[in-house]
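So you can see what is in the structure, the chains are spelled out below.
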Amino acid sequence: MAAFLLAAAYAAIALAMPSHEGFRDRSLRAVVVFGVALFLVTESLSAFSLIRPVPLMVCWVVIIPAALLWAVKARRPLRITKESFHLDPVVVICVLCTTAILALTALTAAFSPPNSADAMSYHMPRVVYWAEQSSVRFFPTQYFNQIMLQPLTEYFMLHTYELSGGDRLINFIQWMASVVSIAGVSAIAAMFGAGCRGQAFAALFCASLPSGILASSGAKNDYFLAMWLVLGVYFALRFTQTFRISDALFLGVALALALLTKATAYLFAPWIFLGIFASRARSARLRLGMGALIAAGCTLALNTPHYIRNYDLSGSIMGFDSAQGNGFFRWRNEQLGWKQTLSNILRNASEQLGSRSESWNQGVYNVVLGVHRRLGMDVNDPATTWRWSAYAAPKNANHEANAPNRWHLAVLFVMSSILAWRALQGRDRERAWYALSLVCGLIAFCAYLKWQPFFARLWLPLFVLGAPLTSDIGNFGSAVSFRIIRLIIPIAFCFFLLDNAKHPLLDNWVRPLRGPKSVLHTARQDQYFADMRQWDNAASYKKTVELLNRIPCETIGIDITNLQLEYPLQALLRERKPGAVFIHTGVENASKRYRQPSIAPACAVVCLDCADDSNRMQLYSGFRSTVRLDKFVIFGPE
């Protein structure tokens, strides 16, 4: 029901969009409008604590006929031109390969629950607490990521969670973002002058990104950010050609939604849009300035609610600079400078070069280490390195957090070098500026954020945005007189990309499609722990759920001071005891002043990893009984 309702709303909005630019343009505009509609519904209902299934359903049921009525009033015909279909063999192969990849990632998303470590610690818990309090207001928590980080992806999760009564549609949010991104990069390639073959190849390049494949079936927000940035780039290019106010508005809204999705957008977006605007003629600067003002206004309008909540919590519209608010695990570099930036560029880039060859990986590590030594830099400088982490040789990981995209990086490096050469000769300057803007975004990322061993995933938006630059590969060999040669070269590239996508598709480390732990025949409740093997505590969660299910207690307190992975407990207990509600207990930070999601006090408390914490044990000494389950401690009634 939830999937049908949201799909119907999107279809109705798409019908109401202008049709003169074609079906793809219409679909991309509908995504932006749908995003705004969902944001407005969420914030409006939240103000009255009405985020519940029935009010949500009413809002979407109202939106559908309103959009259809607008479509009829504006006389929006559904036009599918002959150019929408092309029988070029290269195009057909690209489309078939892309479709196969999307089909397999959809299958993975359908048969697996949200199970990445970040989803267990904050993406899904914040959805659970929002659903309990029927509002997206802040709540008490020891882990500020649950309240202060940009919330748009979780707004989408909240709607599916409430309307479907669970988390079975959660993974499809990232999957849909991958579909939109693939369509968007092909549209950007077209704006850069690529033909059907170039557009199809750009789409396949995007679809075959290993980190993208792994992310598209999960519950994080990296692909969701990539989608909004792709839409922003598309409408920025449209605006620089048309100078229409409507295109400026779509640009502004897409940018605003990107910034509302993930904070790394603040590092990527300014350079990208500056690069697009800088490539235009000086005579257009006044109109470009107008577009920039519209974009800034949209950004401020849509982000203000979250800015206000963050300012109330921390005194900053961006929230605290660390997840616990104490600066211990600070995200940003302690020192800024060219050496620190270069160090992070080398380490982050090397993470993208992981291979099956251990000698290759060790060689990459030695090169990075050698550069640091020559420049007198510490490769594990605490000022630029995440606490308790140490730089090591890259790995051929098949995990969404640190999967390498080495072949895609190599292709982008070659294509960017070609574009730089062309720009020096006075040709292709628009794409050269765009490529340079992506490089600037990468530098800004490395200049500001400390290196972490799991930061490879944060480069996904840059790889996706780089896909349109590869459109020329679809025409490689076009100068050759033999038609068969003109086909063989791009087709070989297509199958190379597909082969490179095979292992991410089938052997995802936490959501595999084949093997003994395949999502197709592994119990859903066991899959919640697929990304938690380093803690080896699945049995503790299951025994805790069994105990809580037996006691007459509906309001469960959870203390996450020592371990933030609380969602498996919430998900498994809700299956046994649907009426269970959760609150955080033992909170002693700036968020303790907020109202709890439930007005009832906790009649039992689960303290995660508290068995050796005397302070936590003393805090709950007032409960009648104490049960230890490995490192977990349950305090409750007798």
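Residues numbered from 1 in each chain as written. Predicted model: local features only at pLDDT ≥ 70, side-chain atom pairs only at ≥ 80, totals over all residues. Heavy atoms only, no water.

Asks: Explain the overall build of the chain residue by residue, including any values.
Replies: Secondary structure summary: the chain contains 24 helices and 5 strands in total. Taken over C-alpha atoms, the radius of gyration comes to 25 Å for the chain, in line with the 26 Å a tight globule of 638 residues would show. Seen along its three principal axes, the alpha-carbon backbone of the chain occupies a region of about 85 × 70 × 50 Å. Looking at the chain as a whole, 58% of its 638 residues qualify as buried. Counted over contacts in the chain with a minimum sequence separation of 6, partners at least 24 positions apart contribute 78%. Summing over all exposed atoms, the chain offers an accessible surface of approximately 26200 Å²; the carbon and sulfur share of this is 64%. With 59 positive and 39 negative side-chain charges, the chain shows a separation of 8 Å between the mean positions of the two kinds. (Helix = DSSP H or I, 4+ residues; strand = E, 2+ residues; numbered from the N terminus. Rg over C-alpha atoms; globule rule 2.2 N^0.38 Å. Buried < 20%, exposed > 50% of the residue type's maximum accessible area, 1.4 Å probe, protein only. Contact = heavy atoms within 4.5 Å. Areas by Shrake-Rupley, 256 points an atom, 1.4 Å probe, with all protein chains shown as cover. Lys, Arg positive; Asp, Glu negative; His and termini not counted. Charge placed at Lys NZ, Arg CZ, Asp CG, Glu CD.)

Asks: Quick one: what's the story with the state of the cysteines, residue by residue and with numbers?
Replies: Applying the stated criterion to the full structure yields 2 disulfides. One disulfide in the model links Cys553 with Cys603; its S-S distance is 1.9 Å. On the sign convention where negative is left-handed, the bridge of Cys553 and Cys603, at about 100° about the S-S bond, is right-handed. A residue pair is termed long-range when its members are at least 10 positions apart, and Cys553 in the loop between α22 (538–550) and β1 (555–559) and Cys603 in the loop between β2 (581–584) and β3 (604–607) qualify at 50 residues. Cys603 sits in the partly exposed class, given a relative accessible area of 28%. (Disulfide = S-S within 2.5 Å.)

Asks: Lay out the sheet that holds strand β4 (residues 625–629) in plain terms, naming residues and giving numbers.
Replies: Read across the open sheet, the 5 strands follow the order β2-β1-β3-β5-β4; overall the sheet is mixed. Lying at the two open borders of the sheet, with one neighbouring strand each, are β2 and β4. Neighbour to neighbour, the strand axes of the sheet diverge by 25° on average, direction disregarded. Bridge count for β1 against β3 is 4 bridges, and the pairing is parallel. The residue bridging Ile558 from the neighbouring strand is Val606, located in β3. Here helix α5 (residues 117–133) sits on the sheet and contacts β1 and β2; the angle it forms with β2, its principal contact strand, is near 110°. Helix-sheet contacts for α22 involve β1, β3, β4 and β5 (632–636), and the interaxial angle to β5 is about 10°. (Pairing = 2+ DSSP bridges. Axes fitted to C-alpha atoms, helices over the stretch in contact; angles between N-to-C directions.)

Asks: Describe the environment of Arg524, with residues and values.
Replies: Tracing the chain through its elements places Arg524 in helix α21 (residues 524–527). Residue classification places Arg524 among the buried positions, given a relative accessible area of 14%. Sequence-wise, Arg524 and Pro512 are 12 residues apart; in three dimensions their C-alpha atoms are separated by 13 Å. Those residues within four positions of Arg524 in sequence are excluded, and the remaining contacts are Ala110, Ser112, Pro113, Pro114, Asp167 and Arg168.

Asks: Got a sec to walk through the nonpolar core? Specific residues and values, please.
Replies: Counting 184 residues, the largest nonpolar core has Trp60, Trp228 and Leu231 as the members making the most contacts within it. For this core, the leading source of residues is helix α11 (residues 222–242), giving 15 residues. The residues contacting Trp228, other than those within four sequence positions of it, are Val31, Val32, Gly35, Leu152, Phe156, Ala254, Leu257, Ala258 and Thr261. In this structure, Val605, Cys610, Tyr620 and Phe635 belong to the second largest nonpolar core, which totals 8 residues. (Core = buried A, V, L, I, M, F, W, Y, C linked by side-chain atoms within 4.5 Å.)

Asks: Please provide a residue-by-residue account of the packing of aromatic side chains, values included.
Replies: Summed over all chains, the structure comprises 32 aromatic pairs. Between Tyr365 and Tyr391, the aromatic rings sit 5.3 Å apart at their centres with planes inclined by 25°, giving stacked as the arrangement. Taken together, the residues Tyr365 in helix α16 (residues 358–374) and Tyr391 in the loop between α16 and α17 (406–424) connect sequence positions 26 residues apart. This pair shows no difference in class: Tyr365 is buried, exactly as Tyr391 is. With 5.1 Å between their ring centres and 35° between their planes, Tyr620 and Phe635 make a pair best called tilted. Pair noted here: Tyr620 is in the loop between α24 (614–619) and β4 and Phe635 is in strand β5, with a separation of 15 residues, a long-range link. (Phe/Tyr/Trp six-rings, centres within 6.5 Å; stacked < 30°, edge-to-face > 60°.)

Asks: Can you break down the pairing of β3 residue by residue, with the values?
Replies: Burial along β3 is two-sided: the residues Ala604 and Val606 and Val605 and Cys607 are all buried. In terms of strand pairing, β3 meets β5 through 3 bridges, oriented antiparallel. Looking across to β5, one finds that Cys607 is bridged to Val633.

Asks: Talk me through the pattern of salt bridges; I want residue IDs and the actual numbers.
Replies: Under the counting rule described, the total for this entry stands at 32 salt bridges. Note that Glu334 is salt-bridged to Lys450, the shortest N-O span being 3.0 Å. Of this pair, Glu334 sits in the loop between α14 (285–314) and α15 (338–351) while Lys450 sits in the loop between α18 (429–448) and α19 (460–466), and the two are 116 residues apart along the sequence. Through salt bridges that share partners, Glu21, Asp25, Arg29, Arg238, Arg244 and Asp247 make up one connected network. (Salt bridge = Lys/Arg side-chain N within 4 Å of Asp/Glu carboxyl O.)

Asks: Explain the environment of Ala390 residue by residue, including any values.
Replies: Considering the arrangement of structural elements, one finds Ala390 in the loop between α16 and α17. On a C-alpha basis, the gap between Ala390 and Pro453 in space is 7.9 Å, while along the polypeptide they are 63 residues apart. Contacts of Ala390, omitting those with residues within four sequence positions, involve Asn380 and Trp451.

Asks: Let's hear about the pairing of β5: which residues, and what values?
Replies: Most of β5 sits inside the fold, with 5 of its 5 residues counted as buried. Of the two faces of β5, the one holding Phe632, Ile634 and Gly636 and the one holding Val633 and Phe635 are both buried throughout. Counted along the chain from β4 to the antiparallel partner β5, the turn is 2 residues long, and its residue Asp630 has a positive phi close to 60°.

Asks: For the side chain of Asn589, give the residues involved together with the corresponding values.
Replies: With respect to the helices, strands and loops of the structure, Asn589 is situated in the loop between β2 and β3. Take Asn589: its relative accessible area is 18%, and that puts it in the buried class. Among the polar contacts made by the side chain of Asn589, one reaches the main-chain carbonyl oxygen of Thr141 at a distance of 2.9 Å. Excluding anything up to four places from it in sequence, Asn589 contacts Thr141, Gln142 and Phe144. (Polar contact = N/O pair within 3.5 Å; in protein donor to acceptor, adjacent residues only side chain to side chain.)

Asks: Report on α11, specifying residues and quantitative values.
Replies: Between the first and last C-alpha of α11 there are 30 Å, a value that for 21 residues agrees with the 30 Å anticipated at 1.5 Å per step. Phi turns positive one or two residues past the end of α11, at Phe243, with a value near 55°. (Expected span 1.5 Å × (residues − 1).)

Asks: Explain the packing of helix α12 (residues 245–259) against α14 residue by residue, including any values.
Replies: Their axes nearest at 8 Å, the elements α12 and α14 cross at an angle of 40°. The orientation of α12 relative to α14 falls into the category oblique. The two elements α12 and α14 meet at a crossing, and its hand is right-handed. Counting all contacts with α12, which are made through Ile245, Ala248, Leu249, Leu251, Gly252, Val253, Leu255, Ala256, Leu257 and Leu259, the residues of α14 involved are Met290, Gly291, Ile294, Ala295, Cys298, Thr299, Leu302 and Asn303. Of the residues in the contact of α12 with α14, the class split is 14 nonpolar, 4 polar and no charged. (Parallel < 35°, antiparallel > 145°, perpendicular 65-115°, else oblique. Left-handed = near helix turned anticlockwise from the far one by under 90°. Nonpolar A, V, L, I, M, F, W, Y, C, P; charged D, E, K, R; others polar.)

Asks: Would you mind going over α12 in detail, with residue names and values included?
Replies: Over its 15 residues, α12 runs 21 Å from end to end, which matches the ideal 21 Å to within 8%, given 1.5 Å per residue. Across the 15 residues that make up α12, a large majority, 12, are buried. When α12 is considered as a whole, its buried residues turn out to be Asp247, Ala248, Phe250, Leu251, Gly252, Val253, Ala254, Leu255, Ala256, Leu257, Ala258 and Leu259. On its buried side, α12 packs onto α2 (23–47), α7 (152–164), α11, α13 (265–278) and α14.

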